[in-house]
Amino acid sequence: MTESSFYPISLDEIETKVARKNGRRNGWSSNGGYQFSLPLGQCLDNVKEIVNEFGERITRVDGDIPADLSVNDGDRFLFISYDQSALTHGLHRYPAKFFPELPRWLVKRYSNENDLVLDPFSGSGTTNIEALLLRRHSVGIDVDPFSRFLSKVKATPLDESELKSTQERLLRFMVNYQPSKVFESDIPCFPYRDNWFNREIILEVAYLKKTIEALDASNDVKDFFKICLSSIIRAVSNADDNCTRTVIRKKLNKRVYPSDALKRFAEVVLFNVPKMIEFSQRCPRNVAAIFPEDMDARSIRYEEENFDLAVTSPPYANAVDYPRTHQLESYWSGLANGSLTPLKKSMWELKAFRLTNTSNFTRSE
């Protein structure tokens, strides 16, 4: 640490903490799925029938779902997922998303390599990532700008040397943080900003945002670090960390301290860079995932019979208010700067559309 550092931040301590987490990360197996860390006494090769407390027979599948799994009308399944934070799936929290094993199974079962897969309500891009890893091209469509930005970052492989060198420079800038380096013009203006965040945190996040934008790096690499920054926004705000809506609960008595944003950002970067490197190594270079900015599920401007498979989640009316859930992240990412009402209206219209049109996105076996 240099004498000019504003906070006593120890990268050695943060690296030790992250190393312990990374030691428990999942790897990749040669059969096209992840290599899981299962509890002692359990094996991966288990598709078995169980009986619940009500006497109902259920097929339980742990981990990867066999492509030839027998499925009949009336069958009930219990899928146990181990991949929700593997590779780039865990770069950023996103509510009500697919567990990766499900779209992976559907893509393997109903498509072939080099086919084109569509997710018309792509959310955080889980289907697109799995399609990439299985050598299928894909298109992810979503009305939410934050969803498209997050999905693009998660599905874009990066150069390892550029990623590591940029990380090193970025963490060096972080350790040398000075509030005096942040100007009011560096801080985004959005509704109730000073209620959502303490002043010290506003300056720290603005400094990190400014530093990322000024990096001598490709836009894809900078976008990756922007998502790393976005992933800590809720935690360093005054909002409840465990609520899908963004709300401040005074009874929660949440404490956020000076330097929290800097430390959390360093931890997330050190944790996520290896995930992105592993994803990039596994991702074929001759396939692509595209996230159009000028479409939504009501207006998919591709030719008829263009897609080989469509995979999307079941319809639901009002389970998650996504614009409200990600409002702070959207403001800091520059994807929103005022009222979220227009986006919320579009989301509600799409939910109604989804309820009446999901059957159009199915394909018989």
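In this text the structure is predicted, and so the values were computed from the model without any measurement.

Asks: Explain unusual backbone geometry to me, using residue names and the numbers behind them.
Replies: The backbone of Ala96 shows a phi angle near 60 degrees, a positive value even though the residue is not glycine. Within the secondary structure layout, Ala96 lies in the loop between β5 (77–80) and α2 (101–110).

Asks: Can you break down the packing of helix α5 (residues 160–175) against helix α8 (residues 219–236) residue by residue, with the values?
Replies: As a packed pair, α5 and α8 sit with axes 11 Å apart at the nearest point and diverge in direction by 55 degrees. Put simply, α5 runs oblique to α8. Note on packing geometry: the crossing formed by α5 with α8 is right-handed. Contacts between α5 and α8 involve Glu162, Leu163, Thr166, Gln167 and Leu170 from the former and Val221, Phe224 and Phe225 from the latter. A per-class count over the contact of α5 with α8 returns 5 nonpolar, 2 polar and 1 charged.

Asks: I'd like a rundown of the sheet that holds strand β4 (residues 57–62), residues and numbers included.
Replies: With mixed pairing, the 3 strands of this open sheet are ordered in space as β3-β4-β5. Two strands in the sheet have a free side with no partner beyond their single neighbour: β3 (47–51) and β5. Ignoring which end each strand starts from, the neighbouring axes of this sheet average 30 degrees apart.

Asks: Got a sec to walk through the packing of helix α7 (residues 199–213) against helix α9 (residues 260–282)? Specific residues and values, please.
Replies: α9 packs onto α7 with a crossing angle of 40 degrees between their chain directions and a minimal axis gap of 8 Å. Accordingly, the angle class assigned to the pair α7 and α9 is oblique. Where α7 abuts α9, its residues Ile201, Glu204, Val205, Leu208 and Ile212 lie against Asp260, Ala261, Leu262 and Phe265.

Asks: Outline the sheet that holds strand β6 (residues 116–119), supporting the account with residue identities and numerical values.
Replies: Spatially, the 4 strands line up as an open sheet ordered β8-β7-β6-β9, and their pairing is parallel. Whereas interior strands pair on both sides, the edge strands pair on one side only; in this sheet they are β8 (289–290) and β9 (309–310). With 4 bridges joining them, β6 and strand β7 (residues 137–140) adopt parallel strand pairing. Considered in β7, the bridge of Leu118 is made with Val139. Of the strands in this sheet, β6, β7 and β8 touch helix α3 (residues 126–133), which is tilted by about 170 degrees from β7.

Asks: Describe α7, naming the residues involved and giving the relevant values.
Replies: Over its 15 residues, α7 runs 21 Å from end to end, which matches the ideal 21 Å to within 8%, given 1.5 Å per residue. Counting buried positions along α7 gives 11 out of 15 residues, so the element sits mostly inside the fold. Inspection of α7 places Ile201, Ile202, Leu203, Glu204, Val205, Ala206, Tyr207, Leu208, Lys209, Thr211 and Ile212 among the buried residues, and these make up the whole buried set.

Asks: Can you tell me about the packing of aromatic side chains, naming the residues and giving the values?
Replies: Across all of its chains, the model carries 10 aromatic pairs by this definition. Taken together, a centroid distance of 5.0 Å and an interplanar angle of 70 degrees make the contact between Tyr177 and Tyr207 edge-to-face. Taken together, the positions of Tyr177 in the loop between α5 and α6 (193–196) and Tyr207 in helix α7 put the pair 30 residues apart, joining distant regions of the chain. With respect to class, Tyr177 is no different from Tyr207; both count as buried. Taken together, the ring pairs connect Phe77, Phe79, Phe99 and Trp105 into an aromatic cluster.

How each quantity is defined
Residues numbered from 1 in each chain as written. Predicted model: local features only at pLDDT ≥ 70, side-chain atom pairs only at ≥ 80, totals over all residues. Heavy atoms only, no water. Helix = DSSP H or I, 4+ residues; strand = E, 2+ residues; numbered from the N terminus. Axes fitted to C-alpha atoms, helices over the stretch in contact; angles between N-to-C directions. Parallel < 35°, antiparallel > 145°, perpendicular 65-115°, else oblique. Left-handed = near helix turned anticlockwise from the far one by under 90°. Contact = heavy atoms within 4.5 Å. Nonpolar A, V, L, I, M, F, W, Y, C, P; charged D, E, K, R; others polar. Pairing = 2+ DSSP bridges. Expected span 1.5 Å × (residues − 1). Buried < 20%, exposed > 50% of the residue type's maximum accessible area, 1.4 Å probe, protein only. Phe/Tyr/Trp six-rings, centres within 6.5 Å; stacked < 30°, edge-to-face > 60°.

Such coordinate-based values are descriptive only and should not be taken to indicate function.
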